[in-house]
Amino acid sequence: MTDRISLLKYRDDIMKRQGNYFDDGYMVVKNLLQPEELKPFQSVIEKAVDQHAQVLLSEGKIDDIAESAPFECRMAKLYRNLDNRMRSWNTDIFSYELYNLITHKNILDVVDSLIGSEIIHHGDFHLRPKLPGHQWTAFPWHQDSQYYGKPTQYMHVVTISLPLVEVTEANGCIWVIPGSHHWGYLDGERGNDQNIRTFEDVEKRGNPLSIPMSAGDGLFLTNLTFHSSTINQTTNVRWTIDLRYSAIPGTKALSPLQQEATNYMFATLRRNFIPLIVRSKSGKQSWKQWKEAKYGVNS
């Protein structure tokens, strides 16, 4: 009972300070995680970047692995003379540290306050190294449901953008249009750069707002909230990770359209990702279970 009272108080405190998720389609929670809580996952990324640097060196694409460069600088140094079209970089970050981030109590308490206590993570994490001057990670105005598929407009998906470094207007922070989730789904199409562009000029319908954040803050968005990000104008990398959550299928009464949306979403996800139950009355899936589901029982 004490834990439940604490959670409710935590919910009320968040909604009092940042109570615009349902009205505006987004919510910023400051100090969601402490810097030391991010370090284990940052270490996983640093190891992956180091391995990547060694590959680039062996292929003769670079002559310096920039081993002494800080976390926010090294990838930029590696690619200062190379073309790079990656939109996300999930190589070698599937790890126990990622699992701990996805299932972190502070994150789940906030998601709980938005969708209830039966929560599944979609399994589609997206680590985004926004490199200096990089066009491919400057996302035009879009709704996440435009990427998921039009049927998903009828379900509620919570996306969290979690910065691992300081994010500012200069290095390409996210912009949102408050209240745009009330417009419903708007059509768009995917370009050659794989980015979806909305047919309508949405800036004529609402006022864009930049969302600068510190490492450990969290930006929570609905799947219908219009958001974008601009080109990184600095010399460092803007590292963020996106995580996505919704209610566990079968735990809520749904309309036919909502049920169709849920079926569509999870059928699509299972082609490439392994969803993870992170909070429920019967507990959560363990790291071992998620890993074995991804790689096989004998992994």
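Above: the structure in question.
So, here is what we can say about the structure in this document. (Residues numbered from 1 in each chain as written. Predicted model: local features only at pLDDT ≥ 70, side-chain atom pairs only at ≥ 80, totals over all residues. Heavy atoms only, no water.)

A closer look at the nonpolar core
Put simply, the rule reads: Residue types Ala, Val, Leu, Ile, Met, Phe, Trp, Tyr and Cys, when buried and joined through side-chain atoms within 4.5 Å, form a set referred to as a nonpolar core. Summary of the burial criterion: residues with accessible area below 20% of their type's maximum are buried, those above 50% are exposed, and those between are partly exposed, where the area comes from a 1.4 Å probe applied to protein chains only. Secondary structure counts use DSSP, requiring at least four H or I residues in a row for a helix and at least two E residues in a row for a strand, with both numbered from the N terminus. Two residues qualify as a contact provided that any one of their heavy atoms is within 4.5 Å of a heavy atom in the partner residue.
The biggest cluster of nonpolar side chains holds 56 residues, and the ones touching the most others in it are Met75, Phe220, Trp239 and Tyr245. Of all the elements, helix α3 (residues 35-58) adds the most residues to this core, at eight residues. With sequence-adjacent residues up to four places away left out, Met75 is seen in contact with Val49, His52, Met86, Trp89, Leu131, Val237 and Trp239. Membership of the second largest hydrophobic core comes to 10 residues, among which are Tyr26, Val167, Val176 and Leu219.

A word on empty space enclosed by the protein
Stated precisely, the cut-off is as follows: The way it works is a 1 Å grid over only the protein atoms, where trapped points that fit a 1.4 Å probe form a cavity and open points with protein on both sides within 12 Å along at least five of seven lines form a pocket, and then any residue with an atom within 4 Å of a point lines it. Grid points are joined across faces, edges and corners, and a volume is the space filled by probe spheres set on the points. Under the scheme applied, nonpolar residues are Ala, Val, Leu, Ile, Met, Phe, Trp, Tyr, Cys and Pro; charged residues are Asp, Glu, Lys and Arg; polar residues are all the others, including Gly.
Applying the stated rule across the entire model yields one cavity of 30 Å³ or more. A volume near 30 Å³ is recorded for the largest cavity. Along the walls of the largest cavity sit Ser161, Pro163, Val167, Cys173, Ile174, Met213, Arg238 and Thr240, which together make up its complete lining. Broken down by secondary-structure element, the contributors of at least two residues to the lining of the largest cavity are β4 (158-163) and β11 (238-247). In terms of residue class, the lining of the largest cavity is made up of five nonpolar, two polar and one charged.

Topic: the pattern of salt bridges
The condition is simple: For this analysis, a salt bridge means a side-chain nitrogen from Lys or Arg found within 4 Å of a carboxyl oxygen belonging to Asp or Glu.
Following the criterion strictly, the structure yields 11 salt bridges and no others. For Arg74, the salt bridge identified is with Asp50, shortest N-O distance 2.9 Å. Separated by 24 residues along the polypeptide, Arg74 in helix α4 (residues 74-78) and Asp50 in helix α3 bring together distant segments of the chain. Of the residues examined, Asp50 reaches a relative accessible area of 25% and is grouped as partly exposed. For Arg197, the salt bridge identified is with Asp193, shortest N-O distance 2.8 Å. According to the relative accessible area criterion, Asp193 is buried, its value standing at 16%. Here the residues in one salt-bridge network are Lys105, Asp109, Asp112 and Arg279, joined through shared partners.

Any link to function would need more than the numbers given here.
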